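# Per-entry structural report
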Amino acid sequence: MRAALDQAREAGACDEVPVGAVVVLDGEIVGYGFNQPIGRHDPTAHAEIMALRDAAARLGNYRLPGCELYVTLEPCAMCAGAIMHARVARVVFGARDPKTGVAGSVIDLFAEERLNHHAEVSGGVLGEECGSLLSNFFASRRRRTLTA
């Protein structure tokens, strides 16, 4: 999760919402990603998607069996779908997302029995640190708006 936090800080440095992700296989990071939808003009450029793309390219396979995804914020529906299609074995996230999180906050897509792939999910890992990074980013953004 520390590596995902480093990625989140990279996003924040680019004035993107500070969410970061890494894909791990057999204890080694095989994919890195951070939020980039603004800079890339791409609504799908969430941290998880970027990390999945990186891992798939490095491993030469769009399926990522046996991989674990560490992400600083609970995945949204789009990212959960990509995680499932990639056949990621485990998802570990930091902060919960009460507005768009689909690993238990709004709904739990990973527990939906009618879907064909089910990743193991753990939440709240370094949750306070992950959440603080997001809170501080948005507080700073509000301060800039007020002084502009």
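Preceding this section is the structure that the text describes.
The sections below set out a description of the structure shown in this document. All values reported here derive from a predicted model rather than from experimental measurement.

Aromatic ring pairs: the centre-centre distance and the angle between the two ring planes describe each pair. Considering all chains together, one arrives at one aromatic pair under this definition. The interplanar angle of 80° and the centroid separation of 5.2 Å between the aromatic rings of F137 and F138 together place this pair among those described as edge-to-face.

This brings us to helix α1 (residues 2-13). Across its 12 residues, α1 extends 17 Å between first and last C-alpha, which sits within 8% of the 16 Å expected from 1.5 Å per residue. All of the buried residues in α1 are A4, L5, Q7, A8 and A11. Buried positions in α1, seen along its axis, are confined to an arc of 155° and lie on one side of it.

With mixed pairing, the five strands of this open sheet are ordered in space as β2-β1-β3-β4-β5. Strand pairing shows two members of the sheet lacking a second neighbour, β2 (28-34) and β5 (120-122), which therefore form its edges. The average undirected angle you get between the axes of adjacent strands in this sheet is 15°. Across the sheet, α1 touches β1 (20-25), β2 and β3 (68-73), and the angle it forms with β1 is around 145°. Contacts from helix α5 (residues 127-147) reach β3 and β4 (90-95), with the element oriented near 60° to β4.

This part is about the environment of G101. Take G101: it is sitting in the loop between β4 and β5. Each C-alpha atom, one on G101 and one on A77, is 7.3 Å from the other, the two residues being 24 residues apart in sequence. The contacts of G101, once residues within four sequence positions are left out, are E74, P75, V106 and I107.

This next bit is on the state of the cysteines. One pass over the full model with this rule turns up zero disulfides. Free of any disulfide, C14 has its nearest neighbouring cysteine sulfur in C79, separated by 18 Å. Among the cysteines around C130, which has no disulfide bond, C79 carries the closest sulfur, lying 15 Å off. Note on C130: relative accessible area 1%, which makes it buried.

Moving on, we get to the packing of α1 against α5. It is the contact of α1 with α5, at a shortest axis distance of 11 Å, that shows an interaxial angle of 0°. Overall, the two elements α1 and α5 adopt an arrangement that is roughly parallel. Here R2, L5, A8 and R9 of α1 come into contact with α5, specifically with E129, C130 and L133. Among the residues forming the contact of α1 with α5, the class breakdown is four nonpolar, no polar and three charged.

What follows is about the nonpolar core. In a soluble, globular protein the nonpolar side chains are often hidden away together inside. Formed by 35 residues in total, the largest nonpolar core has its most connected members in V23, L64, V88 and F110. Per-element tally for this core: the top contributor is helix α3 (residues 47-59), with five residues.

Across the six residues that make up β1, a large majority, five, are buried. As defined by bridge partners, β1 adjoins β2 across six bridges and the pair is classed as antiparallel. Looking at β2, one finds that V22 is bridged to Y32. Counted between consecutive antiparallel strands, the loop separating β1 from β2 contains two residues, among which D26 sits at a positive phi close to 50°.

Here is what the cut-offs are and how they apply
Residues numbered from 1 in each chain as written. Predicted model: local features only at pLDDT ≥ 70, side-chain atom pairs only at ≥ 80, totals over all residues. Heavy atoms only, no water. Phe/Tyr/Trp six-rings, centres within 6.5 Å; stacked < 30°, edge-to-face > 60°. Helix = DSSP H or I, 4+ residues; strand = E, 2+ residues; numbered from the N terminus. Expected span 1.5 Å × (residues − 1). Buried < 20%, exposed > 50% of the residue type's maximum accessible area, 1.4 Å probe, protein only. Arc of directions from axis to C-beta. Pairing = 2+ DSSP bridges. Axes fitted to C-alpha atoms, helices over the stretch in contact; angles between N-to-C directions. Contact = heavy atoms within 4.5 Å. Disulfide = S-S within 2.5 Å. Parallel < 35°, antiparallel > 145°, perpendicular 65-115°, else oblique. Nonpolar A, V, L, I, M, F, W, Y, C, P; charged D, E, K, R; others polar. Core = buried A, V, L, I, M, F, W, Y, C linked by side-chain atoms within 4.5 Å.

Don't take any of this as a statement about function, it's just geometry.
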